Each structure stands twice: as structure tokens, then as C-alpha cells.
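# A structural walkthrough
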Amino acid sequence: MAEQRQRPRRRGQGELEALVLSALREAEGPATAGWVRERLGGGLAYTTVITILTRLLAKGAVTRERAGRSFAWTPASDQAGLAARKMRKVLDAENDRGAVLASFVTGLDPDDERLLRELLSPPGGERKG
């Protein structure tokens, strides 16, 4: 019986973006696409890394600067900042922001609701513990 080669699992766009962002965060400064590719083990084509970086640039998740004939890339924010940007994008796409925010808040668990209330309290204001 002939041996069948197993094809590598295809990763989704979101997973690849997360891997590229993670590699950029590990860099000690702006990094080239080649460096990112090597950091990820070289299993991705160079053009794939460029495509992912370009998509991340369009989303505001990375910045780039000229480095010779190519670019050096830097994450624009940490993971929390990126998640917050996604949340704002979803909120901005809705007509009734109040309804969306109300639904979001009522769906929070008590600890998250308490944290949100603390974050929204005026600085130096009285807080109940």
C-alpha cells in the first residue's frame, strides 16, 4: 500500500496574524519581513508574510518604516490595544451605540462589571469596595 503524505494543516488568517504580531513583539526594535519569517520557523513563504504584514498595516495593528529597499515593521500596540481597537470598530459599525453598549454591559460577569465601573469612576472619586 502506498504511503500517503499528510498535508500540513492550513492556518486561518487570524491565526497567522497573531503569530506575526507575536514575533514582532519579541523583536528588539523594528523587524523586517525576512526576520519575522525566520522567527516563525521559515514555514511560510516570504510573500505570505508580506501579505499578512500589509493586512495588519491596513488594520492599524503595525507600522512600517523604510529600511533600504524594503520595510521594517513594528507592532502599533500590545494585545490589549489591538482587542480594544477591534471592539471600537464593531461599535462604530452599529447605528444604536447605546443599545450595543447596554447589551455588552449586561452580558458581563460581576467581576468584569466591577472592573469596568472602577475604570469609569472619576479619578479621586469615592469608590465603594
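Data block above holds the structure.
A brief structural summary. Numbering of residues starts from 1 in each chain and follows the order in which that chain's sequence is written. In view of the model being predicted, local features appear only for residues whose pLDDT reaches at least 70, and side-chain atom pairs are presented and counted only at 80 or more, with totals across whole chains, interfaces and linings using the full set of residues. Hydrogens and waters are ignored; side-chain quantities use all the structure's heavy atoms.

### A closer look at the environment of L57
A run of H or I in DSSP counts as a helix once it spans at least four residues, and a run of E counts as a strand once it spans at least two, with each numbered from the N terminus. If you trace the backbone, L57 turns up in helix α3 (residues 46-58). Each residue's exposure class comes from its accessible area (1.4 Å probe, protein chains only) as a fraction of the maximum for that residue type: buried when under 20%, exposed when over 50%, partly exposed otherwise. For L57, a relative accessible area of 27% puts it in the partly exposed group. Linking L57 and A76, residues 19 residues apart in sequence, is a C-alpha distance of 8.9 Å. When residues no more than four places from it in sequence are discounted, the contact partners of L57 are V62, T63, R64 and W73. Any two residues whose heavy atoms approach within 4.5 Å at even a single point are treated as in contact.

### Some thoughts on the packing of aromatic side chains
Each aromatic pair joins two rings of Phe, Tyr and Trp (for Trp, the six-membered one) with centres within 6.5 Å, and gets the label stacked for planes under 30 degrees apart, edge-to-face for over 60, and tilted for any other angle. One pass over the structure, following the stated rule, counts 1 aromatic pair. Of note, R64 hangs over the ring of F71, and the distance from its end group to the ring centre comes to 3.9 Å. In this scheme, Lys NZ or Arg CZ marks a charge over a ring once it lies within 6 Å of the ring centre and within 35 degrees of the ring normal. Seen from the ring of F71, R66 lies directly overhead, with NZ or CZ sitting 4.3 Å from the centre.

### Considerations on the nonpolar core
With 18 residues, the main nonpolar core has V20, L24, V36, L53 and L56 as its most contacted residues. For this core, the secondary-structure elements that each account for two or more residues are α1 (13-26), α2 (33-39) and α3. Take this core: its biggest share by element is 5 residues, from α1. Once residues lying within four places of it in the same chain are set aside, the contact partners of V20 are V36, L40, I52, L53 and L56. For the purposes of this section, nonpolar cores are sets of buried Ala, Val, Leu, Ile, Met, Phe, Trp, Tyr and Cys residues that join through side-chain atoms within 4.5 Å.

### Here's the deal with the sheet that holds strand β1 (residues 31-32)
A sheet is described by the order of its strands in space; here 3 strands give the open sequence β1-β3-β2, paired in antiparallel fashion. The open sheet is flanked by β1 and β2 (62-67), the only strands paired with a single partner. With 2 bridges joining them, β1 and strand β3 (residues 70-75) adopt antiparallel strand pairing. When the sheet's bridge partners are listed, T32 is paired in β3 with A72. Axis definition: a line fitted to C-alpha atoms, over the contacting stretch in the case of helices. Angles run 0 to 180 degrees between N-to-C directions. Contacts from α3 reach β2 and β3 within the one sheet, and its direction differs from that of β2 by about 120°. We call two strands paired when DSSP finds no fewer than two bridges between them.

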